[in-house]
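Understanding the architecture of this molecule
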Amino acid sequence: MLFYGYEAQIIDGTWMTVKLSLLSLLLAIVFGLLGALCKLSPQPLLRRLAQGYSTLIRSVPDLVLMLLLFYSLQIALNQLTDALALAQIDIDPFSAGVVTIGFIYGAYFTETFRAAFLAVPRGQLEAAAAYGMGRLLTFRRVLFPQMMRFALPGLGNNWQVLIKASALVSIIGLADIVKVTQDAGRSTMALFEFSFLAAFIYLAITTVSSLLLHRLERRYNLGVKEGRL
Amino acid sequence: MIEILQQYWLAYLWSDGQRLSGLGMTLLLLLATIGIGFPLSVLLAVARVSARRRLRVPVYLYTYFFRGTPLYIQLLIIYSGVYSLQLVQQQPDLNQFFQDGFNCALLAFVLNTSAYTTEILAGAIRSIPHGEIEAAEAFGMSRWAMYRHIILPAALRRALPNYSNEVILILHATPIAFTATVPELLKVARDVNSATYASFEAFGTAALIYAAVSFLIVWIFRRLERRWLAFLHTGSH
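The rules behind each value
Residues numbered from 1 in each chain as written. Chains lettered and ligands numbered in written order. Predicted model: local features only at pLDDT ≥ 70, side-chain atom pairs only at ≥ 80, totals over all residues. UniProt positions renumbered as here; feature names shortened; annotations may be inferred. Helix = DSSP H or I, 4+ residues; strand = E, 2+ residues; numbered from the N terminus. Contact = placed C-beta atoms within 7 Å. Nonpolar A, V, L, I, M, F, W, Y, C, P; charged D, E, K, R; others polar. Core = buried A, V, L, I, M, F, W, Y, C linked by C-beta atoms within 7 Å. Buried ≥ 20, exposed ≤ 12 C-beta atoms within 10 Å, placed from the backbone.

Per an unreviewed UniProt entry, chain B goes by the name Histidine/lysine/arginine/ornithine transport system permease protein HisM and belongs to Vogesella oryzagri. What UniProt records for chain B under Sequence similarities (unreviewed entry) is the sentence "Belongs to the binding-protein-dependent transport system permease family. HisMQ subfamily."

Going by an unreviewed UniProt entry, chain A carries the name ABC transporter permease and comes from Vogesella oryzagri. Taken directly from UniProt, the Sequence similarities (unreviewed entry) text for chain A runs: "Belongs to the binding-protein-dependent transport system permease family. HisMQ subfamily."

**Focus: the environment of Thr 33 of chain B**
Residue and element names in this part refer to chain B. As for its position among the elements, Thr 33 is in helix α2 (residues 23-48). Counting along the chain gives 77 residues from Thr 33 to Val 110, while the straight-line C-alpha distance between them is 5.2 Å. With residues up to four places along the chain from it excluded, the contact list for Thr 33 reads Leu 106, Phe 109, Val 110, Thr 113 and Ile 170.

**Points about the UniProt feature "transmembrane region" (unreviewed entry) in chain B**
All names here are of chain B. Per the UniProt record, the feature "transmembrane region" (unreviewed entry) sits at residues 20-47, 59-82 and 202-221. Structurally, residues 59-82 comprises 88% helix and 0% strand, and the distance from its first C-alpha atom to its last is 22 Å. Strand forms 0% of residues 202-221 and helix 100%; the C-alpha atoms that close the span are 30 Å apart.

**Considerations on the interface of chain A and chain B**
Listed as interface residues are 28 residues of chain A and, on the opposing side, 28 residues of chain B. The set of elements that each furnish at least two residues to the side of chain A that touches chain B consists of α2 (44-59), α3 (62-83), α7 (177-188) and α8 (191-220) of chain A. With 10 residues, α8 of chain A is the largest single contributor of residues to the side of chain A that touches chain B. For the side of chain A that touches chain B, a count of residues per class yields 20 nonpolar, six polar and two charged.

**As for the nonpolar core**
Val 64 of chain A together with Leu 75 and Ala 105 of chain B are the most contacted members of the largest nonpolar core, which has 119 residues in total. With 14 residues, the top contributor of residues to this core is helix α7 (residues 101-126) of chain B. Each residue touching Val 64 of chain A, except ones within four places of it in the same chain, is listed here: Pro 175, Leu 186, Phe 203, Ala 206, Ala 207 and Tyr 210 of chain B.

Written as structure tokens, this is what we have:
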């Protein structure tokens, strides 16, 4: 037996990591888009709020924020349910993981999207206005598709960092790749082999992601002529 | 909040009564990682851009593995994985080295940051205008002299902005060392949390200290860049 009969657990753990990373990515993109729009808004209050969010979150280690949010969210929720005389609601580690990773990486995505929005030439927006497009239509048809082209390389980098950060959720008790392989390694006395297995699963995920991202970038760069040296 | 600070400020900053802890330990890890990792990365970067496959390919495989896997797993491989091997436990020297969480964390951090820094420096070496290298060749410089006087000084300066990001990433990676029982800042925060149940204050204090150090690093690098990258801005103002 290659994995000492732990195949099922390892597949479950891998699926857990992939699911958690993808959901966190989705949430981080939402936070990032909101943050970028706030940062570029004419409202000084929104701008300052988004600035504070992206600066503060990016200056603190993700693991520290993860523990801070994980414990504090539960305590805040307990106080809320106590005040409303409701039964205690326990946050499950999976939602806590998704929310904290999404919130943290949203700050990095804010910067990526902000730079990408700014990279879209002004003339494009003026042309849209000249055609009589409304703000929403301009965003959907003109600004967003062009912004994505500039955002993709940064998005890809952030995604690679996010997947690797997801290895930390085992510390808050989730049965991801890391926890599953460590448990298996401990009970079979083969910690070294199982830790390497975890590393290679991650390596496979990051390799596949970078191949996919490369194809996506080609797709969004359709019709763009690149200078050749 | 104030009570926690009054009781634990020394542990957060410097000492838990017996040994270095908190910020002091975090900074020790950070500086030791940079001090060993940076010179190593310069050597590896030169190998990474070498024309010889025998030098280039192994370094590429090394950076590919360490940049493609999470640091936490690398630390687990070194801290619990390597130590579980019979081979290591039977060698007294190896046994002693891998028994200590600090050694394992430092080894993992150095290997991890060197992989990223090697790629940063290799990129900077490749971005040197080829005219500079041709000029050095025309002067009859040897390979060694070229690296020492032309390539490395230019590449290390150009790599500075990217390297400052990497240093912040190392700082942000240091809390992972608590899983190897190193008493750094996050370990102190966790101990305070389990002693007082004041999670927000316990972790919030650590978060603020980390943020302050991050800002300090950004400030130091901005000054270094102004000094060493001045040659890139000639004529811009």
